[in-house]
Amino acid sequence: MKYLIKNGTLVSSQECRHEDILIEGEKILCTGPDLEVADAEVIDASGKYIFPGFIDTHTHFDLDAGDFHTADDFYTGTKAAIAGGTTTVLDFTTQDKGQTLKEALDVWHGMADGKSSCDYGFHMSITDWNEKSRAEIPEMTRLGVTSYKLYMAYDNLRVNDGEILEILSEVEKEHGIIGVHCENGDLITALVSRLKADGENRISMHPASRPPEVEAEAIHRLLSIAKLAGAPVNVVHLSTAAGLEEVRRARAAGQTVFAETCPQYLLLDDSEYERPGFDGAAYVLSPPLRKRSDIEALWEAVCNGEIDMIGTDHCSFNMKGQKERGLSDFTLIPNGIPGVEHRPVLFYHFGVASGRTDVNMMCRLLSERPARLFGMYPRKGAILAGSDADLVIWDPDRRWIITAEDQLQNADNTPYEGFSVTGRASQVFLRGQRIVNEGEILAECQGQYIKRKERGI
């Protein structure tokens, strides 16, 4: 099938250009002004932007959280993702204790293969570091896994500082990249114990159990370890001004540090936990929502080019039957929110349409920079001859309201309920196939696993 997309504005991180795009099969054949092709279906994109397909660097689909499961699996989560313009997701494979990395990867392939409506790759979360895991790192590279996740919190997931040093060193030999959940787990345990001893079990105590100091200390410690390892590192879901200052300090000293933040840390503050009744439970996630001053600091960093990517940390739970388990104890509320469907429009509305930043920065953060860092560029993240024809035709004038009732995310809530927004994915192409047309999913389960190369930046 050939498509000729005409009259749109092509967006990259550096420029906007008025050119047409010719798609043949799964690839972009060429771009240029005033293209004419007799046997192609012509799509008029007048008045619209055309972005390379967006990439969500941080999702948790089909996650087993012990006695409950996330509301979204790969089938529902990726339908929601591509409806919003996200054509590739990077989900977190989690190694269980006693499990090999390859065994963990096989589990995630079993959950995703044949069920995903957008392309996908996996970060490998290492929780059981030993000589066998060390020996598997080159095999992970061969299988297309070139990024990893480490936790500095959660007793069942975290690795110690010495293990972080070793893992950073081993992954650097493969020119991969490690993302780290930076919270001091020991401090969280102590703070939770103190709060509960004082009878403070309210939802509003969630941010008090994980204050900014918990994040900033962990980031400082991580960057000290990364310096010793001589390896770059990626700070995921950065949420505080204090944590941002640690990143800036290390960069000023010559370290290579990448930083991801999420829409919730740019838009929502900790007053959400004071909602009446149990409504505040919808906003329980980790790290928690912060102060308005943190939001402003992170927006400043976005606009200055100090943030490398906007992920969602999509980890959806229903209020009924899941989050309501913490009615009398906030520590029992499963941590996580949905977001994969609405990330592009949230950034467009509050970043671009508001005048804070522009469409070039949107392309950089949501597409090009993630593709480069995670070994997919220029197959992904670019509108170039030979790139995958992952394209989002973006209507900048569409006005609508976000509601849980209308979303494709398989959750009974959204933290952005009632937000009035401007902009929407009008049509979405995945490897040359039109998957979305005006919000309608035309084809399901067309996603493929992407074997990724070493980091590109």
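Structure: see above.
Just so it is clear, the structure is predicted and the values come from calculations on it, not from any experiment.

Time to look at the overall build of the protein chain. In terms of helices and strands, the protein chain carries twelve helices and 19 strands. By the compact-globule yardstick of 23 Å for 457 residues, the protein chain fits well, its C-alpha radius of gyration being 21 Å. Counting all 457 residues of the protein chain, 64% fall into the buried class. Counted over contacts in the protein chain with a minimum sequence separation of 6, partners at least 24 positions apart contribute 75%. Looking at the protein chain as shown, the accessible area adds up to about 16,500 Å², and 48% of this sits on carbon and sulfur atoms. Computing the positive centroid from 47 side-chain charges and the negative centroid from 71, the protein chain places the two 2 Å apart.

Take the environment of P415 next. Mapped onto the elements, P415 comes out in the loop between β16 (391-401) and β17 (420-430). Contact partners of P415, with chain neighbours within four places excluded, come to L268, Y283, I337 and P338.

In this structure, F51, M124, I126, L168, F347, M362 and W394 are the most contacted members of the largest nonpolar core, which totals 107 residues. With seven residues, helix α7 (residues 212-229) is the single largest residue contributor to this core. Ranked by size, the runner-up nonpolar core spans 14 residues in total, among them I21, I23, I50 and F429.

Moving on: the layout of surface pockets. In this structure, the largest pocket encloses a volume near 1,300 Å³. Considering the residues around the largest pocket, the lining is formed by 49 residues, among which A65, Y154, N156, L157 and N335 are closest to the centre. Those elements that provide at least two residues to the lining of the largest pocket are α2 (101-112), β11 (147-151), α5 (185-197) and α6 (206-209). Class assignment of the residues belonging to the lining of the largest pocket gives a composition of 21 nonpolar, 18 polar and ten charged. Its volume calculated, the second largest pocket comes out at about 220 Å³. Together, 17 residues line the second largest pocket, and A83, E341, H342, W400 and R424 are the ones closest to its centre. When contributions to the lining of the second largest pocket are tallied by element, the ones reaching two or more residues are α11 (343-353), β16 and β17. Of the residues forming the lining of the second largest pocket, the biggest block, three residues, is contributed by β16.

What follows concerns α11. For α11, a buried count of nine out of eleven residues is recorded, marking the element as mostly surrounded by other parts of the structure. Where α11 is concerned, the buried positions are R343, P344, V345, L346, F347, Y348, H349, G351 and V352. In the stretch just after α11, G355 is the one whose phi turns positive, near 90 degrees.

Taking strand neighbours across the sheet as the criterion, the eight strands line up as β8-β9-β10-β11-β12-β13-β14-β15 in an open arrangement whose pairing is parallel. Two strands lie at the open edges of the sheet, namely β8 (54-59) and β15 (309-310), each paired on one side alone. Direction of pairing for strand β13 (residues 233-235) relative to strand β14 (residues 257-261): parallel, over a ladder of three bridges. Note that in β14 the partner of N234 across the bridge is F258. Sheet strands touched by helix α4 (residues 161-173): β11, β12 (177-181) and β13. Its angle to β12, the strand with the most contacts, is close to 155 degrees. Along the sheet face, α11 touches β8, β9 (86-94) and β15 and points at about 110 degrees away from the line of β8.

Let us look at unusual backbone geometry. The phi angle of most residues is negative, glycine excepted, and most peptide bonds adopt the trans form. The omega angle of the peptide bond from S286 to P287 is -5 degrees, so this bond is cis rather than trans. Mapped onto the elements of the fold, P287 is located in the loop between α9 (263-267) and α10 (292-303). Located in the positive-phi region is D62, a residue other than glycine, with phi close to 55 degrees. Positionally, D62 belongs in the loop between β8 and α1 (74-83).

Before going further, it helps to spend a moment on the packing of aromatic side chains. Within the structure shown, the criterion is met by 17 aromatic pairs. Measuring from ring centre to ring centre gives 5.4 Å for F61 and F74, while their planes differ by 75 degrees; the resulting arrangement is edge-to-face. Taken together, the residues span a long stretch of sequence, with F61 in the loop between β8 and α1 and F74 in helix α1 at a distance of 13 residues. Aromatic side chains F74 and F122 sit 6.4 Å apart centroid to centroid with 85 degrees between the ring planes, which places their arrangement in the edge-to-face category.

On inspection of all chains with the given rule, the structure shows 38 salt bridges. With a shortest N-O distance of 3.0 Å, D186 and R158 are connected by a salt bridge. Here D186 is found in helix α5, whereas its partner R158 is found in the loop between β11 and α4, with 28 residues between them in sequence. With a shortest N-O distance of 3.0 Å, E217 and R221 are connected by a salt bridge. Of this pair, E217 and R221 both sit in helix α7, four residues apart, roughly one helical turn. A relative accessible area of 30% means that E217 is categorised as partly exposed. Counted as one network, the salt bridges with shared partners bring together E26, K27, D119, R379, K380, D388, D390 and R431.

About the cut-offs
Residues numbered from 1 in each chain as written. Predicted model: local features only at pLDDT ≥ 70, side-chain atom pairs only at ≥ 80, totals over all residues. Heavy atoms only, no water. Helix = DSSP H or I, 4+ residues; strand = E, 2+ residues; numbered from the N terminus. Rg over C-alpha atoms; globule rule 2.2 N^0.38 Å. Buried < 20%, exposed > 50% of the residue type's maximum accessible area, 1.4 Å probe, protein only. Contact = heavy atoms within 4.5 Å. Areas by Shrake-Rupley, 256 points an atom, 1.4 Å probe, with all protein chains shown as cover. Lys, Arg positive; Asp, Glu negative; His and termini not counted. Charge placed at Lys NZ, Arg CZ, Asp CG, Glu CD. Core = buried A, V, L, I, M, F, W, Y, C linked by side-chain atoms within 4.5 Å. 1 Å grid on protein atoms, 1.4 Å probe; cavity = no way out; pocket = protein on both sides within 12 Å on 5 of 7 lines; lining within 4 Å. Points joined across faces, edges and corners; volume = space filled by probe spheres on them. Nonpolar A, V, L, I, M, F, W, Y, C, P; charged D, E, K, R; others polar. Pairing = 2+ DSSP bridges. Axes fitted to C-alpha atoms, helices over the stretch in contact; angles between N-to-C directions. Phe/Tyr/Trp six-rings, centres within 6.5 Å; stacked < 30°, edge-to-face > 60°. Salt bridge = Lys/Arg side-chain N within 4 Å of Asp/Glu carboxyl O.

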